[in-house]
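Structural characterization, general
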Amino acid sequence: MAIATVPGAGIDVGSQAPAPVDPRRARRNRRLKDNLTGYAFLIGAVICFAFFSWYPMIRGVVMSFQRTRAGETTWVGWDNYDRIINDPSFWTAWQNTLYFTVLALVLGYAVPFFLAVLLNEFRHAKGYLRILIYLPVMLPPASALFLFKYLAYDPSDAGLFNSILKGLGLPTSQWMQSTDMTMPAMVIASTWMNMGGAVLIYLAALQNIPGELYEAAELDGAGLWRRITNVTIPQTRLILSLMAMLQVVATMQLFIEPLILANGAGSEDSATSVVYLIYQHGFFQNDLNGAAALGVIMLVALIGFSAVYARLNAKQD
Amino acid sequence: MAQQSETRSLVSFAQLQRGRGKVIYWTLLTVVVILFTLVFIGPLYWMITGALKSSPELAQTPPTLWPADPQPENYSDAWNRLDLAKLLFNTFYYAVGALAFQLVLDTAAAYALSKLRPKLGNLILGMMLATLMIPAMVLIIPQYVTVIDLPILHISLIDSPFSIWLPAVANAFNIFLLKRFFDSIPEDLMSAARMDGAGSMRTLWSIVLPISRPILGVVSIFAVTAVWKDFLWPKLVMPSPETRTISVGIYAFSGGTPQNVVVAAAVIAAIPTIVFFLIFQRSIMSGLTAGGLKE
């Protein structure tokens, strides 16, 4: 792929060599060749995107209007949507998922930012604290969730959490056995597992805030809180709003937590999530088309959310 | 590890070295260090020792801090019963393959998008970034249907490692990270290389890649951990007991296996990632902070 050997490739030769080709054509050739090299470098990734991202997107929409039975595919219009919306778990799944998302936003969004701001002030033990907070991110979720399921959320007093609560003189909980605690328990596990990444990203953003800004704010008499609201947050706003977005998209995909902690649906459907319902329909009810329809519904909901979110964000500027 | 030379943050360093500031600083630091240790190491300790307890001891109230009668055979039990050696090897194989595919194809793509800028480059980049807005789980059904019967080629990738390796390449986040890093490489450097007669490949290999080591480290770590941690996708496309990943294997066995053995297996599954992390933590941290997400 050594382009320099091709005649007319470099305009830099113009000074010594008598240019036999007219320079405009040379430039055009050069641009064409650059384009070709560019596509050659891109092709591998583009093929993978085409097969495993772009095509499935279209396929997902198409198959949501089809029904495949005994190898025969027919168009069925909105039938799949009809069936999936009338699934008795449909609205529960949405409620649970939204509840999880909101709870995770309260816990999993504010806490990492607060921790990052705090950690950024420390001049000691920085490395140690960072390693600790990132450690759970490295665990396979299945491992971490079995830890929570068998050892932490044990509904008897033998469980880790209940023995801590008892030790502190607080009422114990039935955790996954209680319909009220199912979601908070999943949020706790999920936040513990995932928070480290966000903290590290915020830390990186915080380190890029020029020190002079704080200096100037302090000279203007801004206290700690004012410096956070007037310097720290505006300076990290871009990354903050991006992370909020990413987190909502991530938490809406709640799946492995209910699957492992609650054996899927949990007591009285208290753990059923939208993705779990997709999984149920696709792989247990032999209804890949209905599952695809639910996927499309979820996609539309998330795109709607993104549009509103982007709108609100733009208005703030 | 005190670094006085660094730029100041929210509170100036001088303020933390005197009087009240100093007291607050050290109290806060101590509390945070203790809390973090309890919150993040505590559960791991509980897991490792929990797996050493006998079943009756595991159900005992109040729980014992240290197993009264440690039973290391829980670990060997888990190892043999779940065939963990096989599961670990599978997962490792998929992770390394995914890493190789991503490093080659995603780096090449990011380089093309950043430096070669073919005509449709921005459109392609836009289409790639658009996939970031599509949650992976939404696509799982059509992706599965695609992998069962690949369009045009009409082959099934079920139980083939390619069903993990190739979708891993379609990772817009990695391409975005790489492209952004490549964008920060000065154009002068690129045109200097061109003047010297270096072709695109040569420039990528001897100029771009050496500079990009930190971001390549970050992408590699993401690539490996993503495969190691993934659950639903490998569960669907690697259904046979011979091809399962470790997480899926543990889940599949969890139903009929005693709790302490399952936890022992979960500990064993976590060891490689923890070791991997402790070895590479410097590049993970510095990669994320130095170049990864600079504004």
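Residues numbered from 1 in each chain as written. Chains lettered and ligands numbered in written order. Predicted model: local features only at pLDDT ≥ 70, side-chain atom pairs only at ≥ 80, totals over all residues.

Quick look at the overall build of chain B
This is how it is decided: For the purposes of this entry, the term helix denotes a DSSP run of H or I that reaches at least four residues, the term strand denotes a run of E that reaches at least two, and both are numbered from the N terminus. As a reference, a globule follows 2.2 Å times the number of residues to the power 0.38, and the radius of gyration itself is taken over C-alpha atoms. Every C-beta atom is placed from the backbone, and the number of other C-beta atoms within 10 Å of a residue's own sets its class: buried at 20 or more, exposed at 12 or fewer, partly exposed in between. By the convention adopted here, residues make contact when the C-beta atoms placed from their backbones lie within 7 Å.
Within chain B one finds 14 helices and zero strands. Along its sequence from the N terminus, chain B presents helices and strands in the succession α-α-α-α-α-α-α-α-α-α-α-α-α-α. The C-alpha radius of gyration of chain B comes to 24 Å, more than 25% above the 19 Å expected for a compact globule of 295 residues. With respect to the principal axes defined by its C-alpha atoms, chain B has extents near 75 × 70 × 30 Å. Expressed as a percentage of the 295 residues in chain B, the buried residues total 44%. Within chain B, contacts between residues at least 6 apart in sequence are counted, and of these 74% link residues at least 24 apart.

Here we look at the overall build of chain A
Each helix and strand in chain A was counted, giving 13 helices and two strands. Compactness check: chain A gives a C-alpha radius of gyration of 27 Å against a globular reference of 20 Å for 317 residues, more than 25% above the reference. Put simply, chain A has 317 residues, and 40% of those count as buried. Pairs at least 24 residues apart make up 63% of the contacts formed inside chain A by residues separated by at least 6 positions.

Re the packing of helix α3 (residues 90–121) of chain A against helix α10 (residues 237–251) of chain A
When two helices pack together, their arrangement is captured by the angle between the axes and the distance separating the axes. Residue and element names in this part refer to chain A. To keep things clear, this is the line we draw: Axes here mean lines fitted to C-alpha atoms, for a helix over just the part in contact, with angles spanning 0 to 180 degrees between N-to-C directions. Crossing handedness follows the turn of the near helix against the far one: under a right angle anticlockwise gives a left-handed crossing, and clockwise gives a right-handed one.
Two elements in contact, α3 and α10, have axes whose closest approach is 10 Å; the angle formed by their N-to-C orientations is 145°. As for how α3 packs across α10, the hand of that crossing is right-handed. Residues F100, T101, A104, L105, G108, Y109 and F113 of α3 lie in contact with α10, whose contacting residues are L240, A244, Q247, V248 and T251.

Notes on the domain arrangement of chain A
What counts is decided by this rule: The split into domains, and so the bounds of each, comes from an automatic or database assignment of domains.
If you check the domain split of chain A, you get domain 1 (3–63) and domain 2 (90–271). The straight-line distance from the C-alpha centre of domain 1 of chain A to that of domain 2 of chain A is 45 Å.

Here we look at the pairing of strand β1 (residues 66–69) of chain A
Rule in force here: By the convention used here, strands pair only if DSSP detects at least 2 bridges between them.
Direction of pairing for β1 of chain A relative to strand β2 (residues 72–75) of chain A: antiparallel, over a ladder of four bridges. For R69 of chain A, the partnering residue across the bridge sits in β2 of chain A and is E72 of chain A.

Regarding the interface of chain B and chain A
Rules: Charged means Asp, Glu, Lys or Arg here, nonpolar means Ala, Val, Leu, Ile, Met, Phe, Trp, Tyr, Cys or Pro, and polar covers whatever is left, Gly included.
Contact with chain B, which involves 91 residues of that partner, is made by 94 residues of chain A. Residue contributions to the side of chain B that touches chain A peak at 14 residues, all from helix α14 (residues 259–292) of chain B. Tallied by class, the residues present in the side of chain B that touches chain A amount to 62 nonpolar, 22 polar and seven charged.

Section: unusual backbone geometry
One non-glycine residue, A125 of chain A, lies in the positive phi region at around 55°. If you trace the backbone, A125 of chain A turns up in the loop between α3 and α4 (126–138).

Considerations on the nonpolar core
Rules: Definition of nonpolar core: a set of buried Ala, Val, Leu, Ile, Met, Phe, Trp, Tyr and Cys residues joined via C-beta atoms within 7 Å.
Ranked by internal contacts, the top residues of the largest apolar core, which has 165 residues, are L261 of chain A together with A98, A109, I250, V263, A265 and A266 of chain B. A per-element tally of this core places helix α7 (residues 182–207) of chain A first, with 18 residues.

Quick look at the confidence of the model for chain A
Residue and element names in this part refer to chain A. Applicable threshold: Looking at any residue, its pLDDT shows the predictor's confidence there, from 0 to 100.
On average, residues of chain A carry a pLDDT of 85, and 93% of them reach 70 or more. No element of chain A has a lower mean pLDDT than helix α6 (residues 160–167), which averages 83, and none a higher one than helix α2 (residues 79–85), which averages 94. The low-confidence segment residues 1–15 (pLDDT under 50) makes 24 contacts with residues lying over four places distant or belonging to another chain.

Quick word on α3 of chain A
What counts is decided by this rule: Multiplying 1.5 Å by the residue count of a helix minus one yields the expected span of that helix. Here the bend at a residue is taken as the angle between two axes, fitted respectively to the seven residues that end there and the seven that start there.
For α3 of chain A, which comprises 32 residues, the first-to-last C-alpha distance of 46 Å matches the rise-based estimate of 46 Å (1.5 Å per residue) to within 8%. Along α3 of chain A, the sharpest kink reaches roughly 30°, centred on A104 of chain A.

Digging into the domain arrangement of chain B
When its domains are assigned, chain B resolves into domain 1 (14–50) and domain 2 (77–292). Each of domain 1 of chain B and domain 2 of chain B has a C-alpha centre, and the two are 34 Å apart.

Some words on helix α13 (residues 246–254) of chain B
Of all nine residues making up α13 of chain B, eight are buried, and the element is well covered by its neighbours. When we look at burial in α13 of chain B, the residues that qualify are I246, S247, V248, G249, I250, Y251, F253 and S254 of chain B.

Brief notes about the confidence of the model for chain B
Residue and element names in this part refer to chain B. Per-residue confidence for chain B gives a mean pLDDT of 86, with 94% of residues at or over 70. Looking at the elements of chain B, mean pLDDT is at its lowest for α14, recorded as 80, and at its highest for helix α7 (residues 162–169), recorded as 95. The low-confidence segment residues 1–5 (pLDDT under 50) makes seven contacts with residues lying over four places distant or belonging to another chain. Considering only residues more than four positions removed or in separate chains, one finds that residues 290–295, a stretch of pLDDT under 50, has 18 contacts. Prediction confidence for the complex, expressed as pTM and ipTM, is 0.85 and 0.86 respectively.

A few points about the environment of M183 of chain A
Residue and element names in this part refer to chain A. Structurally, the position occupied by M183 is in helix α7. What makes M183 buried here is the crowd of 25 C-beta atoms within 10 Å. Once the C-alpha coordinates of M183 and P258 are considered, the two residues, 75 residues apart in sequence, prove to be 9.0 Å apart. Once you skip the residues sitting within four places of it in the chain, M183 turns out to touch N96, Y99, F100 and L103.

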